[in-house]
Structure formats: structure tokens, C-alpha cells
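Descriptive analysis of the structure
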Amino acid sequence: MATQLELQIEYANALDANKVDYTFAIGEAFVESMRSTHYKHTGTAIDELIDNAIEAGANTVSVAFGFKKNGEKKPDAIAIIDNGHGMPPNMVRRAASWGGTHRHQNETREGMGRFGFGLPSASVNQGKRFTIYSKLRGEDWYAVTVDLDEVAELKYSSVPGKVEVPGYQKASPPDWVLKNVEENFPEGELNHGTVVVWEKLDRLTWSTVNGLRNNLLSHFGTIYRNYLSQTQIVFDNTIVGAVDPLFITPGARFFDEDSQRAVALEPGEITVRSARTGKPCKIKVRYASMPVGFYASDKTKPASGSNANARMRVKNDNLGIVVCRMGRQIHVVDKITANDGTQGWAGIGRLANNDDRYWGLEIDFPADLDEEFTISNSKQDVVMSDRIWQLLKEGGVLTGLKSLKKMYSDAKAAEKSKPAEESNKPRPSEVAAKEGSEQSRPGRVHPMSQEREEQAKKNFEEFFKNAAKERKVPEKVAKEELEAETKERPYKVEFETMPDAPFYRMEQRGAMKVLKINMAHRFYRDIYANQSSTSFMRYALEVVLFSIGEGELDAIGNVSKESFYHVEKLEWSKKMNVMLGVLSEYADEDDEEAA
């Protein structure tokens, strides 16, 4: 099978052989009108060139700034540099025109682009001058420059009303670009690749380097999160880290912003038969649930203003259903019902509610379904067909979305019903657990297994380090406070929200034994926090769970016992959830009869 480079050379040579000229389009008005191509911001325009670089096989892409008269605060030029396979000289010239690509002939659609509009549209959208430099392995650099002021002066028009791309010339990229290559590319040079330089920048969304950095490092990490393992993106000499807008990918930025974690629910796949090929293909679906306080620095206060953590900005940029094509994020659907009610799902409406920040839903479709997910030429928007909306609904996505929304609604209600903390004073159940443990084993020290000791040490360190980060205090201070609390409260009750998880869990945190009650389980809502539940009943339930949990901790290191607790607790929790649901129906009927 021919490589992308071979197909590209064949395409360019065929156009030359057939004497196809290098016309942009008829009339300079067309070129000027293309400046109005919709891009949400400067980053989404740069995305077009990163797409091209990835498709050209680049393992490194660098976005660099050039400065002339404005110091180093405001860039006068932006370069997108890649070490892909490069282009032959005649293809460099074609690439400067709209539609100058071989990819529209590619039936497999394995690439990111198809129509060749991205490079020129993005370039003229941000500035009035762009230059494409490219070289093949072992050959010289060739360049083509397009200047919109010269287009307006008819310098590219040999025939009235006809605008042609200027010819290519031998030319190397500017020195500031080559310096960036030395600093950011393997071996410090480009033996092959492409550089696109934007100048006469008059439409940048953010005009300063700080503004661009503050907004685009996270943007590129989000859009290309699934490609960064094979293609490194460098922005202003900073390596871009992956950002998962669902916050469920370990190692991604903001995953461990603090001690709270988003919860990944069971992913799904929906098989769809392509209308174009007739072959089945799969849409992948991911779900996530975020706990109460997830976006707050101080978890006791609302996530607003200065108390909003770094996750909040990511979520605000991705509030809705995240849509990816072949792993590359394209759009976020924030309105699920069209104005005329013909598209989407009735009853959901616009996703702008504050509660909609606490769930995540992503769908990732293959290129064979492009016609069903109408994507604009600039890759800024997606319009899903009625058929896709229906298939997603039949595949359980609508039900999943409603479940996610209800999970947060229940969690918020559970948070309000959570027993108030009595400063650092031990709860009666904690005192009972401590004294009961001492009385059941008088004069004996029950040794911990090596596995339990290692786990306890790890949990202890993670906790005080996260506490230090959240409260912005030195780790030493947080550690000393935790040690003091452990002496006062060797047993402790805490609450968490973990959808689809057991109704409780035990954690050994250093010498402290922590009972964590899951507020997302019906045990909490229907029994523990029920309005008829008394304080004594709650303390008694905590003692019961401490007793069971103690045995669970003792089992750590014993494979068979540990496995028993793990498997059985999951089963107990599932059955209890179902049974309590049934019980609530009978209770409701009894209440109605009594009334």
C-alpha cells in the first residue's frame, strides 16, 4: 500500500501533468471572505496545522513565537513546526490553496482532514501573511509565501479576477524557528518536515504570550489527549500534558488535583452500520461522575471565584457531551434538543445548569460515520443526524445521562443530610470501636501484615500530602496534624460519594482505621440518613461497619480472605441496593394506605 507521502507526490504530479493551474479561486473577494471562516479562538485555528502534522507522521510538533518590535510580550509571528514527512516543492504550492490535498481521494479516511481547507483557512483567519516551508528527507527547503495585502494589490493576478498562488522558492525557515528546532526536536534539527509561519497577526484571540499560554496549554492537552503518547506537542518550549475533560485518566493533568477523584463508570460501545460502506463500526462511550465539592479548593465552601480550582476552567470549556472523531476532540454539544424539537432528546434542553458540571459523557466515532456527524470544514462544530441520536438512545446513552444527573442530585441531597462534624471530637462510635477493640484483645498487640503496613504507609503519605496541597500549608505541618489526630482518633468515620461502589469501605491510614460510608448507595439514603433515623441508630450502624471492617483490614495480605471480602462486599452492596429499592416501593404503598 502506498504511503501518504507517495500518494501526495502522485497527486501533485498528476495536477502538473494535466496543467491544472494554481488558482486560489475566482476573485480576490474569495480570499478575503475566507478570513471569516469560523474558529472559536486562536487555538482551534492552530489545531488545523497540528492535525496536518500528525497525519504527516510527525512525532514532535512545536508551536513557537517570533518577536520583532514588541519585545517578548506580544508575538509578531507564530510558527507551527513539525518533523513529518514533508512535501515536494509543487505540493508546497498546492497546500497554500483551498482544496490542495490528495486526502479527499482516500477512501479509507484514516486521516484527520479530507478537503485541504485547514491550512489556508486557519492561516488567513489569524493573520494577513503566511509562509509554508517544507523539505523531504535529503532535499532542500522550499517555501511559498502568501500576503493578503499583495492579493489586494492584484500582485497574484495575471488575469483580471483570477488569483494564483505565488511560485515556490528555495528558502530556509527564519533563525528563531531553527533555534526552536534545536531546543525541542530530536537531534536538534529537521531532516524533513514542515513549518508554517503566520505573520501580520491581526486577529489573535489573545495578543500576549501569557494570554496564549494560559489558555492554550490546556486546550491542546484536551484536544489531542489521545495522541500525545505518540506525538509530542510543545507550546512555547513547554511540553503539553494530556487533559481528560472527564478527569478519569490517571496521569492526566488535574486527575489528582486534590484528594477527590471523578469516578469512571462502565464504558459502552454502540455498533452502527455505516451508510457509506455498509460495514458495521463502533461508537465508543465514556461516562464519569464527579463528587460534591470536586471543583472547590476548600471543600467546605462553594466552588466559585477564588475558591474554584483548576478543574473548573477545564469543565467550563467542556460543559456538555464531548464528541471525538478517532480520538481527536472536535466539539462539545451543549444543547441536546433543537429549537424545533427535531434533533436530540426531548426533556434535556441546554446543558448550562451548575449541576451539569458534575457528570461527564464522551462519544468517539470513526471516520466512516462522518456523514452522520456533519463536521464543519474548520472542525469547530458537529451536527449529529437524527439516526445517530436515536441509535445512541437505543444504546442506553440517554438512560446513562439521566442516571449521571440523578447521581449528582442524590449526592447533593446526601451531602446536606450528612452529620455535622463536631470539630475534632471523636464520635461515640469511634470511641466504642477503640475501647471495644482494646477489650476484645486485652494485653495483646495484633501485628499487621507486611502488605497492610505498606498500604497504611502509602495511604498516610498520600493523605497528608493532599491535605497540604489543598490547604496550602507545608507538608510537615499537615503530617504533624495527622499524627496528632491519629492519637486522638485511632478510629474515624468519613463520608464519600462513589457511584456503583460498595456501601462502605475501610482504609488503614497509618495507625488510623477509617470507615468511609458511601453516600451514593441506597444504604446511606434509605437507612443511615433516613429522616426517621436517630443519632443512636447512626452510631450503632457505624459500630457494625467498624466491626466488619476490622476483619476486612486483618485480611490484607491473606489472598483468599482478602478476595472473599472484596467479592462478597460487592455482592452484598448490589443486592442491598436492589432490595432497598423494592422495599421503598412497598413502604410508599403502606404510607399511602395509612394516609
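So, here is what we can say about the structure in this document.

Re the pairing of strand 18 (residues 491-496)
- With six of six residues buried, strand 18 lies mostly within the body of the structure.
- What you see with strand 18 is no split at all: Tyr491, Val493 and Phe495 on one side and Lys492, Glu494 and Glu496 on the other are buried throughout.
- Here strand 18 runs beside strand 20 (residues 512-518); their pairing, made up of six bridges, is parallel. Looking at the pairing, Lys492 lines up with Val514 of strand 20.

A look at the sheet that holds strand 14 (residues 328-333)
- Reading across the sheet, the five strands line up as 11-12-15-13-14 and stay open at both edges, with mixed pairing between neighbours. Edge positions in the open sheet fall to strand 11 (263-273) and strand 14, since each of these has one partner strand only. When strand polarity is set aside, the average angle formed by the axes of neighbouring strands in this sheet is 20°.
- Note that strand 12 (residues 280-289) and strand 15 (residues 359-365) share six bridges and pair antiparallel. Within the sheet, the bridge partner assigned to Tyr287 lies in strand 15 and is Leu361.
- Here helix 11 (residues 397-417) sits on the sheet in contact with strand 11, strand 12 and strand 15, set at roughly 5° to strand 12.

Structural notes on the packing of aromatic side chains
- One pass over the full model with this rule turns up 16 aromatic pairs.
- Ring geometry for Tyr491 against Phe546: centres 5.5 Å apart, planes inclined by 85°, an arrangement best described as edge-to-face. In this pair, Tyr491 is assigned in strand 18 and Phe546 in helix 16 (residues 535-554), connecting sequence segments 55 residues apart.
- Taking relative accessible area as the criterion, Tyr491 reaches 5% and is therefore assigned buried.
- Among the aromatic side chains, those forming a connected cluster through ring pairs are Phe247, Phe294, Tyr295, Tyr358 and Tyr408.
- Of note, Arg538 hangs over the ring of Tyr528, and the distance from its end group to the ring centre comes to 5.9 Å.
- Geometry around Tyr504 places Lys569 over its ring, the cationic atom sitting 4.7 Å from the centre.

What to know about the pattern of salt bridges
- Under the counting rule described, the total for this entry stands at 41 salt bridges.
- Across the pair Arg276 and Asp368 runs a salt bridge whose closest N-O atoms are separated by 2.7 Å. On the criterion of sequence distance, the pair formed by Arg276 in the loop between strand 11 and strand 12 and Asp368 in the loop between strand 15 and strand 16 (373-375) is long-range, its members being 92 residues apart.
- Residue class for Arg276 comes out partly exposed when judged on its relative accessible area of 28%.
- Across the salt bridge formed by Glu552 and Lys569, the nearest N and O atoms sit 2.5 Å from each other.

Criteria and cut-off values
- Residues numbered from 1 in each chain as written.
- Predicted model: local features only at pLDDT ≥ 70, side-chain atom pairs only at ≥ 80, totals over all residues.
- Heavy atoms only, no water.
- Buried < 20%, exposed > 50% of the residue type's maximum accessible area, 1.4 Å probe, protein only.
- Helix = DSSP H or I, 4+ residues; strand = E, 2+ residues; numbered from the N terminus.
- Pairing = 2+ DSSP bridges.
- Axes fitted to C-alpha atoms, helices over the stretch in contact; angles between N-to-C directions.
- Contact = heavy atoms within 4.5 Å.
- Phe/Tyr/Trp six-rings, centres within 6.5 Å; stacked < 30°, edge-to-face > 60°.
- Lys NZ or Arg CZ within 6 Å of the ring centre and 35° of its normal.
- Salt bridge = Lys/Arg side-chain N within 4 Å of Asp/Glu carboxyl O.

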